Amino acid sequence: MAFITRQNIRSLSSSAALRAAIKHVTVIGGGLMGAGIAQVAASTGHSVVLVDTSEDILKKATKGIEASLKRVVKKKFAEKPEDGEAFVQKVLKNISTSTDAASVVQGTDLVVEAIVENLKVKQDLFGALDKAAPQHTIFTSNTSSLPIADIASSTARLDRFGGLHFFNPVPMMKLVEVIKAPATSQQTFDVLLEFSKALGKHPVSCKDTPGFIVNRLLVPYMLEAVRLHERGHGSKEDIDVAMKLGAGYPMGPFELLDYVGLDTSKFIIDGWHEKDPDNPLFAPSPLLNKLVAEGKLGKKTGEGFYKHK
Ligand SMILES: CCCCCCCCCCCCC[C@H](O)CC(=O)SCCNC(=O)CCNC(=O)[C@H](O)C(C)(C)COP(=O)(O)OP(=O)(O)OC[C@H]1O[C@@H](n2cnc3c(N)ncnc32)[C@H](O)[C@@H]1OP(=O)(O)O
Ligand SMILES: NC(=O)c1ccc[n+]([C@@H]2O[C@H](COP(=O)([O-])OP(=O)(O)OC[C@H]3O[C@@H](n4cnc5c(N)ncnc54)[C@H](O)[C@@H]3O)[C@@H](O)[C@H]2O)c1
C-alpha cells in the first residue's frame, strides 16, 4: 500500500476532479468505431447518446453493441451468466440514440466524432455543433488521418478541441491516442487523458502530426503490402500468412484492410495523396479503387479482398 502524503492526496483529488468532468458523452457516427466507443463509454458508467443519420443505422448499431457485449460477458461472467445478462441490460440502459446531433449536444460534456473520414463533412458537423453546445463541452475527433487543427478550425473552441483516436475493435483494443493540437489547452488534454483511463484504456500522448503514432507507422506498411501484391510478388494469402507467422501480427495486412473497411482506407490514402501528390507512397492503388467502386468494402459488406460469411 502506498504512503498517503499531502502531495498524492492533492494529485488524487485532481485526477478525480478531471474524471468527474465527463459524465455525459455524445458519440456521433454509429458505424464500426462509433458503436464501439459508445459501448465502452456506457460499460464504464457514462451516460451516452449515439447519433447517426437514420433510425435504421442506429438500430443496426444497437444490435451490434448488444452482440459485442454478449461476447464480452461470456468470458467476464463465465461463472454467473445471469449477472452477465444483467450487466448487458444495465449498459444498454446507459445508451440512448438520436438523429438530431444539435439538440443532444446541449446536455453533453464531451463529443466524440466518428463519422466519415472527410475534412469538409467533419468541419460542417463541428461548425453546427459549436453553436448548439454549452461552453464547457469538449469536442474530439476519432480521425485516422486528418489534422485535428484543420477539423477544429470550423469552431470557436480551439482550446476545448482535441483528438481521441481509438482502435478497431474498440472493446478489445487497449490503446487510445490522445492528440494535443497546438491550441488544445492543457486542461482539455488532461481531461481527455483521464477520460481514456476511465474507459479502461491505455492513453498515449500524441502531437497533431500526420498519422499520429500508430498510423504513421502502420499505413506505409499496409501500402507496401498492397504494392507488393500489385507487382505480382506475392499472393494476398501468402502475404497475410507471412506477416502473421513471421512477424507475429494477429492479422495480415489484407485481413486488416478488410476489417478496417476499404472505403475508410481509400479516404485516408486519397486525402494524403491530395496533400502530397508527388509522393509515390501515396499514389492511388488500382486494386483498392476497383474494389471500392464495386461496393466491396470489406467485412462490413461481406466482401473486400476476401469473402466473409
Ligand atoms: C495502396 C493503397 C492501400 C491503402 C492502404 C491504406 C491503409 C490505411 C489503413 C489504416 C487504417 C487505420 C485505421 C485506424 O485509424 C487505426 C486502427 O484501428 S488500425 C486496426 C487496429 N486493429 C488491429 O490491428 C486488430 C488486429 N486483430 C486482433 O487484434 C484480433 O484479430 C481481434 C480482432 C481482437 C480478434 O481476435 P482473434 O483471436 O483473431 O479472433 P476471435 O474472434 O477469436 O476473438 C478473440 C477474442 O476477442 C473477442 N472479440 C473480438 N472482437 C470483439 C468485439 N468486437 N467485441 C467483443 N469481443 C470481441 C472474442 O469474443 C474473443 O474472446 P474469447 O473467445 O477469447 O473470450
Ligand atoms: N475503421 C477503423 O478501423 C477506424 C479505426 C480508427 C479510426 N477510424 C476513424 O473513425 C471514423 C469512422 O470510421 P468507421 O470505420 O466507424 O466508419 P463507418 O463508415 O463504419 O461509420 C461512419 C458512420 O458515420 C455516419 N455518418 C456520416 N456522416 C454523418 C453525420 N454528418 N452525422 C452523423 N453520422 C454520420 C454514417 O452513417 C456511418 O454510420 C473515421 O474518421 C475513421 O477514419 C476508423
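Residues numbered from 1 in each chain as written. Chains lettered and ligands numbered in written order. Predicted model: local features only at pLDDT ≥ 70, side-chain atom pairs only at ≥ 80, totals over all residues. Heavy atoms only, no water.

Trainee: Any chance you could explain the site of ligand 1 here in plain terms?
Mentor: Around ligand 1 lies a shell of 29 residues, among which Ser68, Ser144, His165, Asn168 and Asn215 are the nearest. The contact in question runs from an oxygen atom of ligand 1 to an N or O atom on the side chain of serine 144, over 2.7 Å. A distance of 2.7 Å is found between an oxygen atom of ligand 1 and a side-chain nitrogen or oxygen belonging to histidine 165. Within the complex, 74% of the 1300 Å² of free accessible area of ligand 1 lies under protein. With 7 residues, the top contributor of residues to the shell around ligand 1 is helix H9 (residues 214–230). Counted by class, the shell around ligand 1 contains 19 nonpolar, 7 polar and 3 charged residues. Residue assignment places the shell around ligand 1 across two domains, with domain 1 (6–207) and domain 2 (215–301) each supplying three or more. (Near = heavy atom within 4 Å. Polar contact = N/O pair within 3.5 Å; in protein donor to acceptor, adjacent residues only side chain to side chain. Areas by Shrake-Rupley, 256 points an atom, 1.4 Å probe, with all protein chains shown as cover. Helix = DSSP H or I, 4+ residues; strand = E, 2+ residues; numbered from the N terminus. Nonpolar A, V, L, I, M, F, W, Y, C, P; charged D, E, K, R; others polar. Domains from an automatic or database assignment.)

Trainee: Help me understand the confidence of the model for the protein, please; the structure alone is not making it clear to me.
Mentor: Note that predicted coordinates carrying low pLDDT should not be read in detail. Residues at a pLDDT of 70 or more form 96% of the protein, whose mean pLDDT is 95. Interface predicted TM-score (ipTM) for the complex: 0.97; the corresponding pTM is 0.95. (pLDDT = per-residue confidence, 0-100.)

Trainee: I would appreciate a short explanation of the UniProt feature "binding site: NAD(+)" (unreviewed entry) in the protein in the present structure.
Mentor: UniProt's entry tags Gly29, Gly30, Gly31, Leu32, Met33, Gly34, Asp52, Glu117, Lys122, Ser144, Asn168 and Lys300 with the feature "binding site: NAD(+)" (unreviewed entry), counted in the numbering of this structure. As for the annotated residues, the ones lining the second largest pocket are Glu117. Locating methionine 33 in the fold gives a position in helix H2 (residues 32–43). On the basis of relative accessible area, methionine 33 is assigned to the buried category, the value being 18%. Here methionine 33 is in contact with Ala114, Asn142, Phe166, Phe167, Asn168 and Val170, once residues within four sequence places are set aside. Examined against the element boundaries, glycine 34 turns out to sit in helix H2. Take glycine 34: its relative accessible area is 0%, and that puts it in the buried class. Once residues lying within four places of it in the same chain are set aside, the contact partners of glycine 34 are Val27, Gly29, Leu50 and Ala114. (UniProt positions renumbered as here; feature names shortened; annotations may be inferred. 1 Å grid on protein atoms, 1.4 Å probe; cavity = no way out; pocket = protein on both sides within 12 Å on 5 of 7 lines; lining within 4 Å. Buried < 20%, exposed > 50% of the residue type's maximum accessible area, 1.4 Å probe, protein only. Contact = heavy atoms within 4.5 Å.)

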